[in-house]
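Reading the structure
Chain by chain, the residues:
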Amino acid sequence: MKSEMEKIIERMQSDQDGVPVKTVKSFMSKIPSVCTGADLIQWILKKLEVEDINEAIHLANLMASHGYLFPIDDHILIVKNDNTYYRFQTPYFWPSNCLEPDNTDYAVYLCKRTMQNKTRLELADYEAENLARLQRTFSRKWEFIYMQAEAQIKVDKKRDKLERKIVDSQERAFWDVHRPPPGCVLTTEVDIKKSMRSKKKEADRLAAAPAEQANKSSRRQSSVGNSISEVEELRTLDNLKKEVDFLRKRSERHTIRTSKVAESFLNYYEQYVEFDALLTPPEPSNPWIADNVEFWESEKTVRDIPSRRVRRWAFSIQELLQDPAGREHFTRFLEKEYSGENLRFWDACNELKSVPQKRLQQRIREIYSEFLAPGAPCPVNVDSRVMSVVKVNLENPDRYVFSDAQEHIFNLMSRDSYQRFLRSDSYKEILAGAKKKVGPARK
């Protein structure tokens, strides 16, 4: 049906005998490339030789509901036999030329609308509700959606004003077809019940064919039987369920644009280029070139710490704990805040992963008695959920019996203690002292 519609639409847009398309001028503005509903109906009656005007209106409504033409001032895709203005959809948005769009594309479109002319492209109530719902659904990748919308706006701004009006209306009409307003029919949706009934009828028809041709050769019967069995196998409900599951998993798969990946790599490089001895000549000399290990020795010392090491502690808690001096200062800070047991528990869990097998059970009991048991001398702050998981793991203990508790404590240190350490006077004093030591040497 859609191919026949497209043939009619192509005839309607013909320069010789198509529907008259014009630019309507008003006192303050121009409305480009439009025709009236009456012109559409009269063309159908004359060129398609339709005798009944109701049938002509019905055909025009079908073409509008499938997105081949649309009213410029309304979201309801119907054709009225009056002077309402309509515009033809660009072939790029025809149903035969584009796949069913996903919610990410719709989110980009709505986000772009909110950035553009508020008066001309203000969101309807149902669109605002859809945008809020999509923001909750795509909260993790909303930044990417926002960037896409900004990029599309930059492209739109390069167009002529009248051309931009036409493109905006055509894009709006495309989404009116695929995400229609409440109460309107979604013409692109396939009814699964009708689809299953039609497929079942076709399978039954093919299954009955060998019985009607029983007198033909066995070779032909075999080929027909094989084709029928293949059709029945492909069209079972189980295969449809598998396909739905596959498509659902594919749609939920987390993907990142290549530009975003490249941006993250550039940021990482810019952050760590100062600490790469091959890219930034260190002081003292590069051990890979000068055959002098003084630089490596200075990286291990806990006294006279260079400022470059102290600055690196602020990158992440992992960087802080990997540095012997950073670990020592962080431990002192935790002891002042009466939370040193968190780091000791985290270290004990790491040590447990390399304990000899013969000492494993004893070490598990020691860690549990010291940090997690009721009345433990150095209790750590874990919630009831984590504690219940640990108790279940203790029934069959292994090296990873405390993994959930270790992760919980690490996240607690990372979000709380580590952030306070970076804001503390002790860290600022260490950083300032390291800069003072470096300053005179450079002069």
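This report concerns the structure included in the present document. All values derive from a computational prediction rather than experimental measurement.

**Considerations on the nonpolar core**
One finds Met 12, Leu 40, Met 63 and Leu 69 to be the most contacted residues of the largest nonpolar core, which totals 28 residues. Contributions of two or more residues to this core are made by helix 1 (2-12), strand 2 (30-36), helix 2 (37-47), helix 3 (53-65), strand 3 (69-71), strand 4 (85-88) and helix 7 (161-178). Apart from the residues within four sequence positions on either side, Met 63 is in contact with Met 5, Ile 8, Ile 9, Met 12, Ile 44, Tyr 68 and Leu 69. Within the second largest apolar cluster, 21 residues are counted, among which are Phe 345, Leu 360, Val 380 and Phe 402.

**What to know about the pairing of strand 2**
Pairing analysis gives three bridges linking strand 1 (residues 22-25) to strand 2, with the strands arranged antiparallel. Looking at strand 2, one finds that Lys 22 is bridged to Val 34.

**Topic: the pattern of salt bridges**
Enumeration over the complete set of coordinates arrives at 17 salt bridges. Of the charged contacts in the structure, one is a salt bridge between Glu 335 and Arg 344, with a shortest N-O distance of 3.2 Å. Residue Arg 344 is classed as partly exposed on the basis of its relative accessible area, which comes to 34%. Between Arg 363 and Glu 351 there is a salt bridge, with its nearest N and O atoms 3.5 Å apart. Here Glu 351 lies in helix 17 (residues 340-352) and Arg 363 lies in helix 18 (residues 357-372), a separation of twelve residues in the sequence.

**Structural notes on the packing of helix 17 against helix 20 (residues 403-423)**
When two helices pack together, their arrangement is given by the angle between the helix axes and by the axis-to-axis distance. Two elements in contact, helix 17 and helix 20, have axes separated by 10 Å at closest approach and are oriented at 140°. By the angle between their directions, the pair helix 17 and helix 20 is classed as oblique. Viewed along their axes, helix 17 and helix 20 form a crossing whose handedness is left-handed. Touching Asn 342, Leu 343, Phe 345, Trp 346, Cys 349 and Asn 350 of helix 17 are Ala 405, Gln 406, Ile 409, Phe 410, Leu 412 and Met 413, all from helix 20. Residues of the contact of helix 17 with helix 20, tallied by class, amount to nine nonpolar, three polar and no charged.

**As for the packing of aromatic side chains**
A full pass over the atoms with the stated rule returns 16 aromatic pairs. On the numbers, 5.4 Å between centres and 65° between planes, the contact of Phe 345 with Phe 371 is edge-to-face. Here Phe 345 is found in helix 17, whereas its partner Phe 371 is found in helix 18, with 26 residues between them in sequence. On the basis of relative accessible area, Phe 371 is assigned to the buried category, the value being 2%. Relative to Phe 410, the ring of Trp 346 lies with its centre 5.5 Å away and its plane at 25°, an arrangement referred to as stacked. Remark: Phe 410 occurs in helix 20 and Trp 346 occurs in helix 17; sequence separation between them is 64 residues. Taken together, the aromatic side chains of Tyr 92, Phe 93, Tyr 106, Tyr 109, Phe 174 and Trp 175 make up a single cluster linked through ring pairs. Above the plane of the ring of Tyr 106 lies Arg 179, whose end atom (NZ or CZ) is 5.5 Å from the centre.

**Notes on the sheet that holds strand 2**
Taken together, four strands build an open sheet; the order of strands is 1-2-4-3 and the sheet is antiparallel. Only two strands of the sheet have a single neighbouring strand rather than two, namely strand 1 and strand 3. Direction aside, the axes of adjacent strands within the sheet are offset by 60° on average. Bridging between strand 3 and strand 4 involves three bridges; their strand directions are antiparallel. Bridging across to strand 4, Phe 70 finds its partner in Arg 87. Packing of helix 2 onto the sheet brings it into contact with strand 2, strand 3 and strand 4, and relative to strand 2 it is tilted by some 35°.

**Some points on the pairing of strand 4**
Both strand 2 and strand 4 contribute to a ladder of two bridges, which runs antiparallel. The residue of strand 4 that forms the bridge with Cys 35 is Tyr 86.

**A word on the side chain of Arg 87**
Its place among the elements puts Arg 87 in strand 4. For the buried residue Arg 87, which engages in no salt bridge, the nearest side chain bearing the opposite charge is Asp 73, 8.1 Å off. Engagement of the side chain of Arg 87 in a polar contact is seen with the backbone oxygen of Pro 32, the distance being 2.6 Å. Once you skip the residues sitting within four places of it in the chain, Arg 87 turns out to touch Ile 31, Pro 32, Ser 33, Val 34, Leu 69, Phe 70, Ile 72, Lys 165, Ile 166 and Ser 169.

**Details of the environment of Cys 111**
With respect to the helices and strands, Cys 111 occurs in helix 4 (residues 103-115). Each residue touching Cys 111, except ones within four places of it in the same chain, is listed here: Leu 131, Trp 142, Tyr 146 and Ala 149.

**Overview of the packing of helix 4 against helix 6 (residues 142-157)**
Contact geometry for helix 4 and helix 6: axes closest at 8 Å, N-to-C directions at 60°. Compared by their axis directions, helix 4 and helix 6 come out oblique. In this structure, helix 4 crosses over helix 6, and the sense of that crossing is right-handed. Residues Thr 104, Ala 107, Val 108, Cys 111, Lys 112 and Met 115 of helix 4 lie in contact with helix 6, whose contacting residues are Trp 142, Ile 145, Tyr 146, Gln 148, Ala 149, Glu 150, Gln 152, Ile 153 and Asp 156. Looking at the contact of helix 4 with helix 6, its residues break down into nine nonpolar, three polar and three charged.

**Some details on the environment of Glu 171**
Checked against the element boundaries, Glu 171 lands in helix 7. Apart from residues lying up to four places away in sequence, Glu 171 is in contact with Phe 93, Tyr 109, Lys 112 and Gln 152. Within the structure, the side chain of Glu 171 is placed 2.9 Å from the side chain of Lys 112, a separation counted as a polar contact.

Reading the values: the criteria
Residues numbered from 1 in each chain as written. Predicted model: local features only at pLDDT ≥ 70, side-chain atom pairs only at ≥ 80, totals over all residues. Heavy atoms only, no water. Core = buried A, V, L, I, M, F, W, Y, C linked by side-chain atoms within 4.5 Å. Buried < 20%, exposed > 50% of the residue type's maximum accessible area, 1.4 Å probe, protein only. Helix = DSSP H or I, 4+ residues; strand = E, 2+ residues; numbered from the N terminus. Contact = heavy atoms within 4.5 Å. Pairing = 2+ DSSP bridges. Salt bridge = Lys/Arg side-chain N within 4 Å of Asp/Glu carboxyl O. Axes fitted to C-alpha atoms, helices over the stretch in contact; angles between N-to-C directions. Parallel < 35°, antiparallel > 145°, perpendicular 65-115°, else oblique. Left-handed = near helix turned anticlockwise from the far one by under 90°. Nonpolar A, V, L, I, M, F, W, Y, C, P; charged D, E, K, R; others polar. Phe/Tyr/Trp six-rings, centres within 6.5 Å; stacked < 30°, edge-to-face > 60°. Lys NZ or Arg CZ within 6 Å of the ring centre and 35° of its normal. Lys, Arg positive; Asp, Glu negative; His and termini not counted. Polar contact = N/O pair within 3.5 Å; in protein donor to acceptor, adjacent residues only side chain to side chain.

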